[in-house]
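Topology and contacts: notes
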Amino acid sequence: LITLIWLFPFFGIVLESFRVETTAQVSYLWPKEFGFDNYIRLFKETDFFRWFINTGIMGVATALLQTIFVLSMSYVLSRLRFKGRKGLMNFLLILGMFPGFLTMLLIYKVFSDFGLTESMAPIGLIIVYCASSGMGYYVSKGFFDTIPRALDEAATIDGATRNQIFWKIILPMSKPIVVYTVLTSFIGPWTDFILCKLIMGDNVDNYTVAIGLQRMLQPEFMTSYYKQFLAGSVLVALPITILFLKMQKYYVEGVTAGGVKG
């Protein structure tokens, strides 16, 4: 029952996106006439394709870098013992409790001084998304703790370095946590709006799908682009939905294995 309640708004958005009889909002749910006109107009009359590509590039770059940073940090905290390790873990845990938007104005000031706003905003955003990603080591570290240390010791006896052990032995055995990290890293840039809007300003060429779709809801565009907004909302949800459906097995394994130990 709860699932049906959660899915009902999305079901309504999908139906509305295929409604072609009028451009205005209506009081009924089931369209009187179906068609792909809204999707065609979305690509013809707006820059949605460019926004989609911009967001995809940022999402893929962030997912790749964040995955490397998070898994490297997690492996170090799981396997190595060094002075200050416990204090570092506690410090990162406490620091992660503060909302990220508290630093947005400072981030904007620093990036503005370095020229990483407006036209260079995508690079600046990727830096922001990846800079503190190592703080999210909790689940990945818990997963690495479940891998026997005997494998590391055997590889060390054979002459392998820590770097070789990580890339050639541990990672191939860690597909669930790699998939989990990639998915969670990709979702951030794909759905972010506040930070993107702040750093990008009015540079339409670099807009992401979140900013572009929000712009369609402004009073001067609402009447003309309402149904294009609905069509864009459906298309934005597709990549994440497909990724989760394809990788659901590994995602669940990564969460459950990483949440037990640590």
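Residues numbered from 1 in each chain as written. Predicted model: local features only at pLDDT ≥ 70, side-chain atom pairs only at ≥ 80, totals over all residues. Heavy atoms only, no water.

Structurally, Asp192 can be placed in the loop between helix 10 (175–191) and helix 11 (194–200). As a C-alpha pair, Asp192 and Lys44 span 148 residues in sequence and 25 Å in three-dimensional space. Setting aside residues up to four positions removed in sequence, Asp192 forms contacts with Tyr129, Thr208 and Ala210. (Helix = DSSP H or I, 4+ residues; strand = E, 2+ residues; numbered from the N terminus. Contact = heavy atoms within 4.5 Å.)

As a further point, take the nonpolar core. Residues Phe48, Leu125, Leu195, Ile199 and Met200 are the most contacted members of the largest nonpolar core, which totals 35 residues. Looking at this core, the elements with two or more residues in it are helix 2 (37–45), helix 3 (48–79), helix 5 (104–113), helix 6 (121–131), helix 10, helix 11, helix 12 (209–216) and helix 13 (219–258). If you tally residues by element for this core, the top one is helix 13, at 8 residues. Contacts of Ile199, omitting those with residues within four sequence positions, involve Ile107, Tyr108, Phe111, Leu116, Thr117, Glu118, Ala121 and Leu125. By size, the runner-up hydrophobic cluster in this structure holds 12 residues, among which are Phe144, Ile147, Ile165 and Tyr180. (Core = buried A, V, L, I, M, F, W, Y, C linked by side-chain atoms within 4.5 Å. Buried < 20%, exposed > 50% of the residue type's maximum accessible area, 1.4 Å probe, protein only.)

Bringing the packing of aromatic side chains into the picture now. Scanning the model with the defined rule gives 14 aromatic pairs in all. Each ring, one from Phe18 and one from Phe36, has its centre 5.4 Å from the other, and the planes form 85°; the classification is edge-to-face. Linking Phe18 in the loop between helix 1 (2–17) and helix 2 with Phe36 in the loop between helix 1 and helix 2, this pair joins segments that are 18 residues apart in sequence. Residue class for Phe36 comes out exposed when judged on its relative accessible area of 54%. Where Phe143 meets Phe144, the ring centres are 6.4 Å apart and the plane angle is 75°; that geometry is what we call edge-to-face. Of the two residues, Phe143 and Phe144, both sit in the buried class. Cluster of aromatic residues (ring-pair linked, three or more members): Phe43, Phe48, Phe52, Phe186 and Trp190. (Phe/Tyr/Trp six-rings, centres within 6.5 Å; stacked < 30°, edge-to-face > 60°.)

Bringing the pattern of salt bridges into the picture now. Applying the stated criterion across every chain, the model contains 7 salt bridges. Arg50 is the partner of Asp205 in a salt bridge, and the nearest nitrogen-oxygen pair spans 2.5 Å. Remark: Arg50 occurs in helix 3 and Asp205 occurs in the loop between helix 11 and helix 12; sequence separation between them is 155 residues. For Arg50, a relative accessible area of 38% corresponds to the partly exposed category. Across the pair Asp152 and Arg162 runs a salt bridge, and its minimum N-O distance is 3.8 Å. Note that Asp152 is positioned in helix 8 (residues 149–157) and Arg162 in helix 9 (residues 162–170), a separation of 10 residues in sequence. (Salt bridge = Lys/Arg side-chain N within 4 Å of Asp/Glu carboxyl O.)

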